[in-house]
Amino acid sequence: MSFIVPLVLVVLAIFLVINVIKIVPQGREFTVERFGRYTRTLKPGISILTPFAETIGRRVNMMEQVLDVPQQEVITKDNVSVKVDGIVFIQVMDASQAAYRVDNLMYAITQLAQTNLRTVVGSMELDEVLSQRDQINTRLLTTIDHATGPWGVKVTRIEIKDLTPPPDITNAMARQMKAEREKRAVITEAEGEKQSQIARAEGQKQSAILQAEGRREAAFRDAEAREREAEAEAKATAFVSEAIAKGDVNAINYFIAQKYVEAFGELAKSPNAKTVIVPADFAGLTGTVAGVAELLKTLGGSDAARTVVPSTPKRGV
């Protein structure tokens, strides 16, 4: 019997230690109830409760949590049935409100997300639902966060995880996308052809400009050559006129010989003439021309003589 009392005391001490000393882990908060009524919230660390009066009420997870929104069928504004599901990121900000203001917090938030998802998607057409996911997420986040505020919960993010249209709508969308891509390919090809034609036109334009500049330069050179030839002819004429003024007979013979030689050359060039008759006095004409050459050497130097004296035509049959 002497051992029973110490044993009871030891058991009682262990019981008191377990029920009075509480260690709250990081990321959790415990609510304390005194005779069934909420009194305070225990933060992470060690805390001591009043024996036999205070007990732990709810153990609340304060870390951010992810809730899966089950897939459901939603009819859009244009009467298309689509399957939609999503995920919700939440974090408890007030442990007492989350513990005592709503029963089964996670189930309540899941149902709230499902109903609002149906409302938002049902108010939009299919094209808007497929192309405006960010807008849907924003509207859901605003609505659900406002509804969960009194529960001490902060909704941080909402994302649509999957959105599946009916198979026939999916096939129609695939055909539409294919047609759109073919249209873009045709437009791109036409644009490339247009640029190619523009480039060729620019090249032809530059070529025409360069050819025109070449012709202009050639004409300028020809005009310059003719001008110099005319100047040489004028000098020769001046020398011969001066000789005539002094009474030299050879100067008169120069003009006659020049016209004679030119006429004989034209006769030789005629395509219809098969036979060229050389005049009997052609030798005398050659002598006259030689005399004129000597005259020009005397008056103007050898350069002028070479300029005006025509070459003796060859005899041909």
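Now for a look at the structure at hand. In this text the structure is predicted, and so the values were computed from the model without any measurement. (Residues numbered from 1 in each chain as written. Predicted model: local features only at pLDDT ≥ 70, side-chain atom pairs only at ≥ 80, totals over all residues. Heavy atoms only, no water.)

For the rest of this paragraph, the subject is unusual backbone geometry. The backbone of F35 sits at a positive phi, close to 55°, despite the residue not being glycine. Locating F35 in the fold gives a position in the loop between β2 (28-34) and β3 (37-42). What makes F35 exposed here is its relative accessible area of 69%. (Helix = DSSP H or I, 4+ residues; strand = E, 2+ residues; numbered from the N terminus. Buried < 20%, exposed > 50% of the residue type's maximum accessible area, 1.4 Å probe, protein only.)

Interhelical geometry of helix α3 (residues 105-122) versus helix α5 (residues 133-148) gives an angle of 140° and a closest axis separation of 10 Å. Of the possible angle classes, the one that applies to α3 and α5 is oblique. In terms of crossing hand, the pair formed by α3 and α5 is right-handed. Residues I109, L112, A113, N116, L117 and V120 of α3 touch α5, and the partners they reach there are I136, R139, L140, T143, I144, A147 and T148. (Axes fitted to C-alpha atoms, helices over the stretch in contact; angles between N-to-C directions. Parallel < 35°, antiparallel > 145°, perpendicular 65-115°, else oblique. Left-handed = near helix turned anticlockwise from the far one by under 90°. Contact = heavy atoms within 4.5 Å.)

Before going further, it helps to spend a moment on α5. Over its 16 residues, α5 extends 22 Å from the first C-alpha to the last, a length consistent with the 22 Å expected when each residue adds 1.5 Å. Residues of α5 that are buried: I136, N137, L140, I144 and T148. Seen end-on, α5 carries its buried residues on one side only, within an arc spanning 95°. Of the exposed residues in α5, the ones pointing more than 90 degrees away from its buried face are D134, T138, T142 and H146. Where α5 is buried, its residues touch α3, α4 (126-131) and β8 (153-164). (Expected span 1.5 Å × (residues − 1). Arc of directions from axis to C-beta.)

One pass over the full model with this rule turns up one aromatic pair. When the centroid spacing of 5.5 Å and the interplanar angle of 50° are considered together, the rings of Y38 and Y100 count as tilted. On the criterion of sequence distance, the pair formed by Y38 in strand β3 and Y100 in helix α2 (residues 95-100) is long-range, its members being 62 residues apart. On the basis of relative accessible area, Y38 is assigned to the partly exposed category, the value being 32%. Relative accessible area serves as the criterion here: at 34%, Y100 is assigned to the partly exposed category. Stacked on the ring of F30, the Lys or Arg R59 has its end atom at 4.9 Å from the ring centre. Positioned over the ring face of F89 is R157, at 4.3 Å from the centre of the ring. (Phe/Tyr/Trp six-rings, centres within 6.5 Å; stacked < 30°, edge-to-face > 60°. Lys NZ or Arg CZ within 6 Å of the ring centre and 35° of its normal.)

Counting residues in each nonpolar core, the largest one holds 35 residues, and the members touching the most others are V82, V88, L105 and I109. Of all the secondary structure elements, the ones that give two or more residues to this core are β6 (65-75), β7 (81-92), α2, α3, α4, α5 and β8. With eight residues, the top contributor of residues to this core is α3. Apart from the residues lying within four places of it in its own chain, the contact partners of V82 are Q72, E73, V74, T76, V121, L126, L163, T164, P165 and P166. (Core = buried A, V, L, I, M, F, W, Y, C linked by side-chain atoms within 4.5 Å.)

With that settled, the discussion passes to the sheet that holds β7. The antiparallel open sheet is built from three strands, whose spatial order is β6-β7-β8. Edge positions in the sheet fall to β6 and β8, since each has one partner strand and no second. Strand-to-strand twist in this sheet, taken as the mean axis angle between neighbours without regard to direction, amounts to 20°. Bridge count for β6 against β7 is nine bridges, and the pairing is antiparallel. Bridging from a neighbouring strand, D68 pairs with I87 of β7. The strands touched by α3 are β6, β7 and β8; relative to β6, the strand with the most contacts, the crossing angle is about 35°. (Pairing = 2+ DSSP bridges.)

With burial as the criterion, only one face of strand β1 (residues 21-24) is covered, namely that bearing K22 and V24; the residues I21 and I23 on the opposite face remain uncovered. Bridging between β1 and strand β4 (residues 45-48) involves four bridges; their strand directions are antiparallel. By the bridge assignment for β4, K22 is matched with S47.

The subject of this paragraph is α3. An α-helical turn contains 3.6 residues, so a residue and the one three or four places further along point in the same direction. The end-to-end C-alpha distance of α3, which contains 18 residues, comes to 26 Å, matching closely the 26 Å that a straight helix rising 1.5 Å per residue would cover. Among all positions of α3, only L105, A108, I109, T110, L112, A113, Q114, N116, L117, V120 and V121 are buried. For α3, the secondary structure elements touched by its buried residues are β6, β7, α2, α4, α5 and β8.

Taking strand neighbours across the sheet as the criterion, the three strands line up as β3-β2-β5 in an open arrangement whose pairing is antiparallel. Across the chains shown, the open sheet's two edge strands, defined by having one partner strand only, are β3 and β5 (54-61). Put simply, the sheet's adjacent strands are angled 30° from each other on average, direction ignored. Alignment of β2 against β3, held across five bridges, turns out to be antiparallel.

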